Amino acid sequence: MKKVIPALVLGAMVGLQAHAAENKDFNYHVDRFADIEVLRYEVPGFKDLSLQQKKMLYYLSQAAQMGRDIIWDQNGRYNLKIRKTLENIYTNYKGDRNSKDFKAFEKYLKLVWFGNGIHHHYSNDKFTPEFSREFFEEQVRALPADMLPVCKGKDAQHLIDVLAPVIFDPTVMAKKVNQDGTQDIVATSAGNFYGPGVTQAEVEEYFAKMKDPNDPTPISYGLNSKLVKDKDGNLKELHYHLNGLYGPAIAKIIYWLDMAKNVAENDAQKAYITKLIDYYITGDLRLFDEYSILWAEDTKSDVDFVNGFIESYSDPLGMTGSWESYVNFKNKKSSERTEAISNNAQWFESNSPVDPKFRKENVKGVSAKAITAAMLGGDAFPSTAIGINLPNANWIRASHGSKSVTIENITEAYEMASHGNGFNEEFVIDAPTRKLLEDYLYITDMLHTDLHECLGHASGKLLPGVDPDALKENGSALEEARADLFALYYLADPKLQEIGVLDNPEAYKAEYYKFMLNGLMTQLNRIELGKDVEEAHMRNRQLIAKWILEHGKKDKVVQLVKKGGKTYVKINDYKKMRDLIGQLLGEIQRIKSEGDYAAGKKLIDTYAVKIDPKLHKEVLNRFSKLDIPPYRGFVNPVFRPAYDKNGEIIDVTLDYTESYTDQMLRLSRDYSTLGCSAH
Ligand code: ZN
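Computed from a prediction, not measured in an experiment: that's the story for all the values here.

## Points about the sheet that holds strand β2 (residues 29–33)
Taken together, the 3 strands give an open sheet; going across it, the order is β2-β3-β13, and neighbouring strands pair in mixed fashion. Either end of the sheet is taken by a strand with one partner, and the two such strands are β2 and β13 (631–635). Pairs of neighbouring strands in the sheet enclose a mean axial angle of 25 degrees, with direction left out of account. Where strand β3 (residues 36–40) meets β13, 5 bridges bridge the pair, whose relative direction is parallel. Bridge pairing in β13 places Val38 opposite Gly633. Against the sheet, helix α14 (residues 408–418) engages β2, β3 and β13, with an angle of about 120 degrees to β13. Relative to the sheet, helix α24 (residues 660–670) contacts β2, β3 and β13, its axis offset from that of β2 by approximately 90 degrees.

If you want it as structure tokens, here you go:
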């Protein structure tokens, strides 16, 4: 559970020398629909890589796309059928493509592509189609038989009977992940990690029986399996591996990983790719841990990647990993910054404002680098993170360290695409604060990601015998809060000037201001009026911001003030704000270290969930005049290998011209790996 998802990116543009962009005319904007904007990112430095590295990135990019169908199926058992049906209607449609129904249909398809299924990637709510059920039925019936994604013997009517309620009935599969702790969160979540009829209590009991609290190196139970009931009602785990669930997709992934292995940069890299392949073949989670250790310890290679069942945000119980892939290479210049931080990891840990008994005596090998993404796949596409810290297993992190990355070219694309969008003028309180953000937000944002990933998640320890899952449904939000607080606390520390990563002791104020503005106000733009805050990162940000507002009330540390009828965040005392950040960090670390579920739940319930409806309405109104999309994601560059007459690759270039629709249709055409029997 270690990733940073970008907040709403401000329109600040900072010293261009900090940017790596190669082409100043690069067009970041690709498509815009509903609450989404699709961007593209540049891959600076790709053309200067060696042929061997380019080949490796190409093979890994193939492996990154071969798992696409897996995430679609994990997100919901009808998603693949729905995608194929919608795409076939889209390409086969003979009527007026400007008609109201078709336009609405196209918008829905674009949303479904973006969500890797019928639910919103962030709110987890099911998309509401704005075209009629009649239109849908008519179009399904108009499809030639060979374009119907049904198993043998089934017809169009069967497909309609299965899919129409799933698409049109708002009560069917309403939520991808339900986090409402008062309900059975397994039975009421639409994700496909558990079979029909499986209850939360049954899942908890099943895994509790397996877990040995005294095992110092536990596997990640349930990470690569679906728990179902057999025909006698007995629970059984279906594992994801070559001869198991998702086997056809995994076979293709293995093929391309094997190609990549043959052009690996060194033996250490070859060894972890081999281990990863063994794990994909067997599904053995011990092998996954061995792979994770080898991967975390390889800090020499420039080309790097993640490919597997990794983050568990989409499983209501936080166990099963969603399939994802990131393919990347090291950004050497910017890595000087992250290395300066990781080299001082022990200093940061030993001086943190938490009770010494919850600190790590020995921070093990936190390696940090800035990377350039070259391909995003699975759950990391089209919406993606700007930082990652893996592996996730606590014991591996403690004894072998972890790898933390800041994805610089993605952050840069967000920044560049935001330039001049009017956000700062609308929401930032005054000209001096706007200037502060313009001068320092880019670098402090990047440092915040570095500190969050490299130090924040890696900091602290559990007391002996404490279950890492003790905070249950609040675990993800509290973990993100812990990492954010650690980063915010140290952004204001003179140590950052001492190690040469920040030149101005006042710069941190830019990030503090943005954090409070986002947590108290602007992130509400992502939520429909009347709804609560649900997503873990958003809960984390509101928790921190509201807690500081409340606890700094007496001293007027931070205020919400009115100017010309509009609400603004006003920070009166940045130093005291830092003290409050330290206090909250101490408390959340205690909650995590002791596994204090009740205290964690109280913090979340008090600060993280509820929204003031008046302020919410105001924020939505102000945003509506700006036309800034609440969510953004990316298309990938297209890898174009050039071959000699013997079929050997002699060069690889990147093509940045593909549209969103063309890319999605191409992926479905060239990377469909799972058939009608997937679910
Ligand atoms: Zn995180």
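This is not the end of the story, as more comes after the structure.
## Details of the coordination of the zinc ion
Bound to the zinc ion are the protein donor atoms His452 (NE2), His457 (NE2) and Glu480 (OE), situated 2.1 Å from the metal. Spacing between the donor residues of the zinc ion along their common chain follows H-x4-H-x22-E. For the pair His452 and His457, a shared accessibility class is recorded, and that class is buried.

## Looking at the pattern of salt bridges
For the structure on display, the rule yields 48 salt bridges. A salt bridge links Asp31 to Lys110, with the nearest nitrogen and oxygen atoms 2.9 Å apart. Here Lys110 lies in helix α4 (residues 100–115) and Asp31 lies in strand β2, a separation of 79 residues in the sequence. Accessibility expressed as a relative area gives 17% for Asp31, which makes it buried. Since its relative accessible area comes to 11%, Lys110 is described here as buried. We note a salt bridge from Lys531 to Glu528, for which the minimum N-O separation is 3.7 Å. Of the residues examined, Lys531 reaches a relative accessible area of 34% and is grouped as partly exposed. Connected via shared salt-bridge partners are Asp125, Lys175, Glu528, Lys531 and Glu534.

## Focus on the confidence of the model for the chain
Per-chain confidence: the chain averages 93 in pLDDT, with 96% of residues scoring 70 or above. This stretch, residues 7–18, has a pLDDT under 50; its non-local contacts, to residues over four places away or in other chains, come to 46 contacts.

## Thoughts on helix α19 (residues 508–520)
With 13 residues, α19 extends 18 Å between its outermost C-alpha atoms, agreeing within 8% with the 18 Å of an ideal straight helix rising 1.5 Å per residue. Buried residues dominate α19, accounting for 13 of its 13 residues.

## Things to note about the packing of helix α3 (residues 79–92) against helix α5 (residues 133–142)
The interhelical angle for the contact between α3 and α5, taken along N-to-C directions, is 80 degrees, at an axis separation of 10 Å. With respect to each other, α3 and α5 are oriented roughly perpendicular. Taking contact as the criterion, the partners of Thr85, Leu86, Ile89 and Asn92 in α3 are, on α5, Phe136, Gln139, Val140 and Ala142. Here the residues of the contact of α3 with α5 are counted per class, giving 5 nonpolar, 3 polar and no charged.

## Some remarks on the packing of helix α8 (residues 247–261) against helix α9 (residues 267–282)
At their nearest, the axes of α8 and α9 sit 10 Å apart, and the two run at 165 degrees to each other. Considering their axes alone, α8 and α9 lie roughly antiparallel with respect to each other. Viewed along their axes, α8 and α9 form a crossing whose handedness is left-handed. Mapping the contact onto sequence places Ile250, Ile253, Ile254, Leu257, Asp258, Ala260 and Lys261 in α8 and Lys270, Ile273, Thr274, Leu276, Ile277, Tyr280 and Ile281 in α9.

## Things to note about the pairing of strand β7 (residues 322–330)
With 9 of its 9 residues buried, β7 lies for the most part within the structure. Of the two faces of β7, both are covered, the one formed by Ser322, Glu324, Tyr326, Asn328 and Lys330 as well as the one formed by Trp323, Ser325, Val327 and Phe329. For strand β6 (residues 303–311) and β7, the ladder comprises 8 bridges, and the chain directions are antiparallel. Each residue of the ladder has a partner; that of Val306, found in β7, is Tyr326. As judged from the 7 bridges shared by β7 and strand β8 (residues 366–378), these two strands associate in the antiparallel manner. Bridging across to β8, Glu324 finds its partner in Gly378.

## Some details on helix α20 (residues 536–551)
Residue pairs three or four apart in sequence face the same way in an α-helix, which turns once every 3.6 residues. Between its first and last C-alpha, α20 extends 22 Å over 16 residues, near the 22 Å set by a 1.5 Å rise per residue. With respect to burial, α20 is a largely interior element, 13 of its 16 residues being buried. At the N-terminal end of α20, a side-chain oxygen is found 2.7 Å from the backbone nitrogen of His537, two or three residues along, and the residue is Glu535.

## Points about the side chain of His119
Counting through the fold element by element, His119 comes out in the loop between α4 and α5. Only 2.7 Å separates the side chain of His119 from the backbone oxygen of Met173, close enough to count as a polar contact. Not counting the four nearest positions on each side in its chain, His119 is found in contact with Asn75, Asn124, Asp125, Lys126, Phe127, Met173, Ala174, Lys175, Lys176 and Ala190.

## Looking at the packing of aromatic side chains
We describe a pair of aromatic rings using the distance from one ring centre to the other and the angle between the two ring planes. Going through the model one piece at a time under the given rule, you end up with 43 aromatic pairs. For the ring pair Tyr58 and Trp256, a centre distance of 6.1 Å and an interplane angle of 75 degrees mean the geometry is edge-to-face. Taken as a pair, Tyr58 in helix α1 (residues 51–66) and Trp256 in helix α8 lie far apart in primary sequence, 198 residues in all. Taken together, Phe33, Tyr90, Tyr93, Phe102, Phe105, Tyr108, Trp113, Phe131, Phe135, Phe136, Phe168 and Tyr660 form an aromatic cluster joined through their ring pairs. Over the ring of Tyr597 we find Lys472; its NZ or CZ atom is 5.2 Å from the centre of that ring.

## Comments concerning unusual backbone geometry
The omega angle of the peptide bond from Phe381 to Pro382 is 0 degrees, so this bond is cis rather than trans. Along the chain, Pro382 falls in the loop between β8 and β9 (387–390). With omega at 0 degrees, the peptide bond leading from Leu390 into Pro391 counts as cis. With respect to the element layout, Pro391 can be found in the loop between β9 and α13 (394–400). One non-glycine residue, Met173, lies in positive phi territory at about 50 degrees. Tracing the sequence through the fold places Met173 in the loop between α6 (156–168) and α7 (200–210). A positive phi angle, close to 45 degrees, is found at Lys472, a residue other than glycine. The residue Lys472 is located in the loop between α16 (431–456) and α17 (475–491) in this model. The class for Lys472 is exposed, based on a relative accessible area of 53%.

## So, the pairing of strand β5 (residues 235–239)
Pairing geometry for strand β4 (residues 225–229) and β5, over 5 bridges, is antiparallel. Bridge pairing in β5 links Val228 to Lys236. Counting the residues in the hairpin turn of β4 and β5 gives 5 residues, including Gly233, whose phi is positive at 85 degrees.

Cut-off values and rules
Residues numbered from 1 in each chain as written. Predicted model: local features only at pLDDT ≥ 70, side-chain atom pairs only at ≥ 80, totals over all residues. Heavy atoms only, no water. Pairing = 2+ DSSP bridges. Helix = DSSP H or I, 4+ residues; strand = E, 2+ residues; numbered from the N terminus. Axes fitted to C-alpha atoms, helices over the stretch in contact; angles between N-to-C directions. Contact = heavy atoms within 4.5 Å. Donors = N, O, S within 2.8 Å, 3.2 Å for Na, K, Ca; no water. Buried < 20%, exposed > 50% of the residue type's maximum accessible area, 1.4 Å probe, protein only. Salt bridge = Lys/Arg side-chain N within 4 Å of Asp/Glu carboxyl O. pLDDT = per-residue confidence, 0-100. Expected span 1.5 Å × (residues − 1). Parallel < 35°, antiparallel > 145°, perpendicular 65-115°, else oblique. Nonpolar A, V, L, I, M, F, W, Y, C, P; charged D, E, K, R; others polar. Left-handed = near helix turned anticlockwise from the far one by under 90°. Polar contact = N/O pair within 3.5 Å; in protein donor to acceptor, adjacent residues only side chain to side chain. Phe/Tyr/Trp six-rings, centres within 6.5 Å; stacked < 30°, edge-to-face > 60°. Lys NZ or Arg CZ within 6 Å of the ring centre and 35° of its normal.

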